[in-house]
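Working through the structure, step by step
Each chain, letter by letter, is given below.
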Amino acid sequence: MTALHLAKAALLAVPLWLLLSSLLRLKPSWLKHLASLAVGFGAAALVTLVTPTGILSYLTTFILMACIYAVLSVGLNVQWGYTGLFNIGVAAFYAIGAFTSALVTTRMPTGLNASFTKQLFGLGMPFWVGVLAAGLVAGLLAWLVGKPTLRLRGDYLAIATIGIAELVRLFFQNERWLANGPQPLRGIPQPLSCLTGDGCAWLPGFVNSFFAPLGPRDYPFVYIAIVALVLYLVYRVLERAIRSPWGRVLRAVREEEASAAMNGKDIAAFRMQAFVVGSVIMGIGGALYAHYIVSIDYSHFDPLNGTFLVWVMLMLGGSGNNRGAILGAFVVYAIWSGTSFVVDALRPTLAAISPELPSRGPYLRLLFISILLVFIVLYRPRGIVPEEKVVSLDRDL
Amino acid sequence: MLQRSAAAAERPFERFRRVASGKAGMLLALALVLLAIIVTAALKGVPATQLLSLFVRGVLLGGMLALGAVGVTLVYAVLKMANFAHGDTMTLGAYLGLVVVTLLPKGAPIAPFSFGYEFIVALLVVIPAVGLIAFGLDQLAFRPLRARRSQSVMFAMAALGLAFGIRSLVYIFWGADFTFFYTGRARPAVELFAGVRVRPDQLFILGLAVALIAGVYLLLERTKIGKAMRATADNSDLARISGIDTKRVILWTWLIGGGLAGAGGMLYGLDVQLRPEMGWWLLLPLFASVILGSLGNAYGALAGAFVIGIVWQMSGAFINPVYSQGIAFLVMIVVLLVRPEGLFGGRR
Amino acid sequence: MSDTHPASSSPGSLRPAGQAGDVGASAPLLSIQELTKDFGGLRAVNACSFDVAPGSVTGLIGPNGAGKTTLFSLVSGFHQPDSGRVYLDGEDVTGLPSHLLFRKGLCRTFQIPREHQSMTVTENLMLVPKGQIGERFWNPVVRPGAVRAQERRLRERAREVLAFVNLGHMAEQPAGAMSGGQKKLLELARTLMADPKIVLLDEPGAGVNPTLMGKIREKIEQLNRERGITFLLIEHDMPLVMGLCNPVIVMNQGSKLVEGPPAVVRSDPRVLEAYLGGQYAALEG
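The paragraphs below set out a description of the structure included in this document. Note that this is a predicted model, so its numbers are computed, not measured.

Let us now look at the nonpolar core. One finds Phe-86 of chain A together with Phe-84, Phe-119 and Phe-142 of chain B to be the most contacted residues of the largest nonpolar core, which totals 243 residues. The element contributing the most residues to this core is helix α10 (residues 219-242) of chain A, with 17 residues. Looking at which domains feed residues into this core, each of domain 1 (1-51) and domain 2 (59-303) of chain A gives three or more. Not counting chain neighbours up to four residues away, the residues in contact with Phe-84 of chain B comprise Phe-86, Ile-88, Asp-155, Ala-158, Ile-159 and Ile-162 of chain A together with Ala-156, Ala-159, Ala-163, Leu-283 and Phe-287 of chain B.

This is the structure we're talking about:
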């Protein structure tokens, strides 16, 4: 085992630790965390050792993207799964989060760059400020959309969110002054990228020397730890909020609106809260995406990647259950990436059918995913992991 | 003590709300929107002729939107579901029309139009074909949900799956690029009046849209199945008890809705271009029209489509036309804020 | 069984005795004035006016389609009246949304129980009380201890209320699994979690077997007597109404026809005519 293996294993241990500690039922909690940290690190070390470098890198980026989608899926779960709000404009909040964080963390271009890249502002703030700003702006947008629509039948919210997603995308496509128009906005900083470079000045020397073997191409290993932490945090906060009177009211509103109102619950206010909270989480997801992909433009946030996939993830995983939402994100993203291999493998066959077909392979995946959604709606509307029966768990809080 | 004398009096705020959200208030608001557009355009120095021709373009666009909107609203009225696949049904119609046009031997253009007999044949094929496809998709995806009495959002979600499914098929068979029914054929414009220029094709489009909608009007008002559809829309349980064949009503709803959507898609493709995303982009203006004219009200949808079409085109005089969707969205939001039940809906 | 005592059995309930804070019969707790509601040209409630005295158990009867349930919906903020006023404790509450009326102490049950089916019976009850700090999104995260403590108190209270309505054994069952009668009891229990001033009960006895009906009646009387809760109830079961309620208000064609003690009402010819001219003569049933 080399120092490089060790550094990678240490970083990969973070998502494993968080996963295990959420699955294990062990008291006291320090023991649980210790155990899952140990097991997590062991497993990470083993995987790092036995997996060829290329596959390990692929696996890492796969998990990374799946985690980002899991954030979106969990956000949508607050709206649809717990409250029954039909938001078909996930892409709007995803996009606005990504662009907000990008603008907040990049610096205003200077010199020659300034003539290539136009942006409204560039504050050069740290990553976490960008993430918070992303959530805030996405939440604000949700409030604006929700105000006229949430008191009406669900279909109205649906069409309004389709509209806002299209408009947000068009806006970022056409307004050069805002975030470089149709051109990508480049150079979004990657948090802790110093670990894969010359070392971080603010970290103690031994940490830097421990991670010194990592090169810039190993950055996904660093980012996977960060994304996993954010996902875990979002998950924990939501689980708490859901298993509390707040979650109980959301469920009551979803199940029997009239009775919830007669029980003194301000239905519109609770719907708005759920809508805003879900959108804030989607905005955070957007920020995570932007800092990973470094260079973003409007086309990343089309209805397919930004909204449709997230819906299939949540529906397949199980609406009304955060674990289901996360599981769904991994399964569907695996299907999505896996089918791309299948389509690649089928290239010769497709070419035999029609010379145009191989280049249209991606759309076969879209067709498959669409059919999958209809099948879930028809045959398994509760998903893989159905909703839990009891909301109020004052013992388990 | 209680103020018994005040019992009958309205509070001023309530009175304002009631007036503002009445039909008159709504019409006033629409008139104000139109006025605002004209004033803004005038301030920006847009010549009156251009404004007038944009108005005419708006009426034309309204005709095409109406073909889609009537289908959306009929499906909503009879089946109580928002069909988010309707826009993509229009796309499907356009591309099926393209297939027929390419398969047939090319004829000379019928003067003064840019298209030949093939386009007419294609329309005659596409209208029933898309109607039947729409019904088939209903039987596949929505009927089981109806049988299970699923929530309305589950219908919407199934529709979303169908929308993406249809679009992916369009991508697979025809690719992602835009195309035309007749590539490279000149489409000259003629002067209609007072410097307003339109292409003859557009007059044909408007004429056909009006004719089709008149046909639907006659069908709804004069025929037995039309009456059955209206009865089902009013109260489906009552309709079923009184011996109306609900299955037939559903069949006809999709035949009409799908057929009109197919025609609308073809006409839009003739006027603008064919694109796999065209229907998805039309979805927002379609629903804006339908909501403006009250969900489930066929005549309301018609009026809504023309209003949206006109506002959409005229606002293009001073804002970037790529945001025309935004105008439709804005009108819809205003309606939802002021009078969510739309122009022709009754107060709850 | 109840046929015998409309006139004799409830002299006490003519004016609830010994109520604390009962300032006299002059100030009604609920006052309905000229309330009117049209549904697409059909006048469901037509200039209906009456008062409900504090501490009373007021019955609201009338033939089917008389507008009783619509009236409830108007009073409880479920529908907006076209005209007319509603006063609760002297305050104009016309057209207020349901949740605000609830906070002012007005509680309503539904003719067909609308329980939250997938939630447990206990959760259905824990949902009700106002002022729960855990209903703010951030509190379960920021102040988990306080939320947990409050939840424990609510659970305890729900347990007491369930014991009171004899549903203790159903506590952890999903509410959807209960029988129709049990759901009616749950509706009643729900109002108990709320500390209401006035409860609007829509047919508490409908679809309930006689034993359970007796129990529901007994609980209503007990709550009225011991806690001073005012009831306004719609009921078709005449023995129940005549035994439990005083006064009784008869509605017909959207407005009040007659009001008075049960004995007076039941012998009023106009009431008989309303029922006979309506659908059925159930008055003596």
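So, on to the packing of aromatic side chains. What the rule picks out here adds up to 37 aromatic pairs over all chains. Between Tyr-219 of chain A and Tyr-223 of chain A, the ring centres sit 5.7 Å apart and the planes meet at 25°, which makes this aromatic pair stacked. One end of the pair, Tyr-219 of chain A, and the other, Tyr-223 of chain A, are both in helix α10, 4 residues apart, so they sit about a helical turn from each other. Tyr-223 of chain A matches Tyr-219 of chain A in its accessibility class, with the two residues each being buried. An aromatic cluster is present here, built from Trp-80, Phe-86 and Trp-311 of chain A together with Phe-84 and Phe-287 of chain B joined pairwise through their rings.

Residue and element names in this part refer to chain A. A cluster of nonpolar side chains, Leu-120, Phe-121, Leu-123, Met-125, Phe-171 and Trp-177, forms an exposed patch at the surface whose accessible area comes to about 540 Å². For Leu-123, the location among the structural elements is in the loop between α5 (113-116) and α6 (127-149). Residue Leu-123 is classed as partly exposed on the basis of its relative accessible area, which comes to 46%.

In this section: unusual backbone geometry. The step from Lys-27 of chain A to Pro-28 of chain A runs through a cis peptide bond, and the omega angle for that step is -5°. In this structure, the amide linkage connecting Asn-246 of chain C to the following residue, Pro-247 of chain C, adopts the cis form with an omega of 5°. Counting through the fold element by element, Pro-247 of chain C comes out in the loop between α8 (238-244) and β9 (248-252). At Glu-34 of chain C, a residue that is not glycine, the phi angle is positive and equals roughly 55°. Mapping Glu-34 of chain C onto the fold places it in strand β1 (residues 30-39). Here Glu-34 of chain C falls in the partly exposed class, since its relative accessible area comes to 46%. One non-glycine residue, Asp-195 of chain C, adopts positive backbone phi at about 50°. With respect to the element layout, Asp-195 of chain C can be found in the loop between α6 (180-192) and β7 (198-202). Note on Asp-195 of chain C: relative accessible area 55%, which makes it exposed.

Right, let's talk about the state of the cysteines for a bit. For the coordinates displayed, the defined rule picks out 1 disulfide over all chains. The side chain of Cys-194 of chain A participates in a disulfide bridge whose partner is Cys-200 of chain A; the two sulfur atoms lie 1.8 Å from each other. Torsion about the S-S bond of the Cys-194 of chain A and Cys-200 of chain A cystine: about 85°, corresponding to right-handed handedness. For Cys-200 of chain A, a relative accessible area of 2% gives the class buried. Left unpaired, Cys-107 of chain C is separated from the closest cysteine sulfur, that of Cys-245 of chain C, by 18 Å. What makes Cys-107 of chain C buried here is its relative accessible area of 1%.

Let us look at the pairing of strand β4 (residues 83-88) of chain C. Residues and elements named next belong to chain C. Of all 6 residues in β4, 5 are buried; the element is thus mostly enclosed. Examined bridge by bridge, β1 and β4 share 5 bridges and lie antiparallel to one another. Residue pairing in the sheet places Ser-31 in a bridge with Tyr-87 of β4. Connecting the antiparallel pair β4 and strand β5 (residues 91-92) is a turn made up of 2 residues, with Asp-89 showing a positive phi of about 55°.

Between chain C and chain A, the residue contacts involve 35 residues of the former and 32 residues of the latter. With both chains or domains summed, chain C and chain A bury close to 3,100 Å², and 58% of this area falls on carbon and sulfur atoms. There are 2 salt bridges connecting chain C and chain A. Across the pair Lys-265 of chain A and Glu-135 of chain C runs a salt bridge whose closest N-O atoms are separated by 2.8 Å. Those elements giving two or more residues to the side of chain C that touches chain A turn out to be α2 (98-103), α3 (121-126), α4 (139-142) and α5 (144-164) of chain C.

As a further point, take the pattern of salt bridges. A complete count under the given rule lists 28 salt bridges over all chains for this structure. The partner of Arg-159 of chain C in a salt bridge is Glu-156 of chain C, with the nearest N and O atoms 3.0 Å apart. Taken together, the positions of Arg-159 of chain C and Glu-156 of chain C, both in helix α5 and 3 residues apart, correspond to about one turn of that helix. Exposure remark for Glu-156 of chain C: the relative accessible area of 38% places this residue in the partly exposed category. The network of salt bridges with common partners includes Arg-251, Arg-254 and Glu-387 of chain A.

With that settled, the discussion passes to the sheet that holds strand β2 (residues 42-52) of chain C. Sheets are built from strands that pair by backbone hydrogen bonding, the pairs being arranged parallel or antiparallel. Residue and element names in this part refer to chain C. Taking strand neighbours across the sheet as the criterion, the 4 strands line up as β2-β1-β4-β5 in an open arrangement whose pairing is antiparallel. Every other strand in the sheet has two partners, leaving β2 and β5 as the edge strands with one partner each. As paired strands, β1 and β2 are joined by 7 bridges and run antiparallel to one another. By the bridge assignment, Lys-37 is partnered in β2 with Val-45. With respect to the sheet, helix α1 (residues 68-75) is in contact with β1, β2 and β4, its orientation differing from that of β1 by roughly 110°.

Calculation criteria
- Residues numbered from 1 in each chain as written.
- Chains lettered and ligands numbered in written order.
- Predicted model: local features only at pLDDT ≥ 70, side-chain atom pairs only at ≥ 80, totals over all residues.
- Heavy atoms only, no water.
- Core = buried A, V, L, I, M, F, W, Y, C linked by side-chain atoms within 4.5 Å.
- Buried < 20%, exposed > 50% of the residue type's maximum accessible area, 1.4 Å probe, protein only.
- Helix = DSSP H or I, 4+ residues; strand = E, 2+ residues; numbered from the N terminus.
- Domains from an automatic or database assignment.
- Contact = heavy atoms within 4.5 Å.
- Phe/Tyr/Trp six-rings, centres within 6.5 Å; stacked < 30°, edge-to-face > 60°.
- Patch = residues over 30% accessible without salt bridge, like charges linked within 9 Å, V, L, I, M, F, W, Y side chains within 5 Å.
- Areas by Shrake-Rupley, 256 points an atom, 1.4 Å probe, with all protein chains shown as cover.
- Salt bridge = Lys/Arg side-chain N within 4 Å of Asp/Glu carboxyl O.
- Disulfide = S-S within 2.5 Å.
- Pairing = 2+ DSSP bridges.
- Buried area = accessible area lost by both parts, 1.4 Å probe.
- Axes fitted to C-alpha atoms, helices over the stretch in contact; angles between N-to-C directions.

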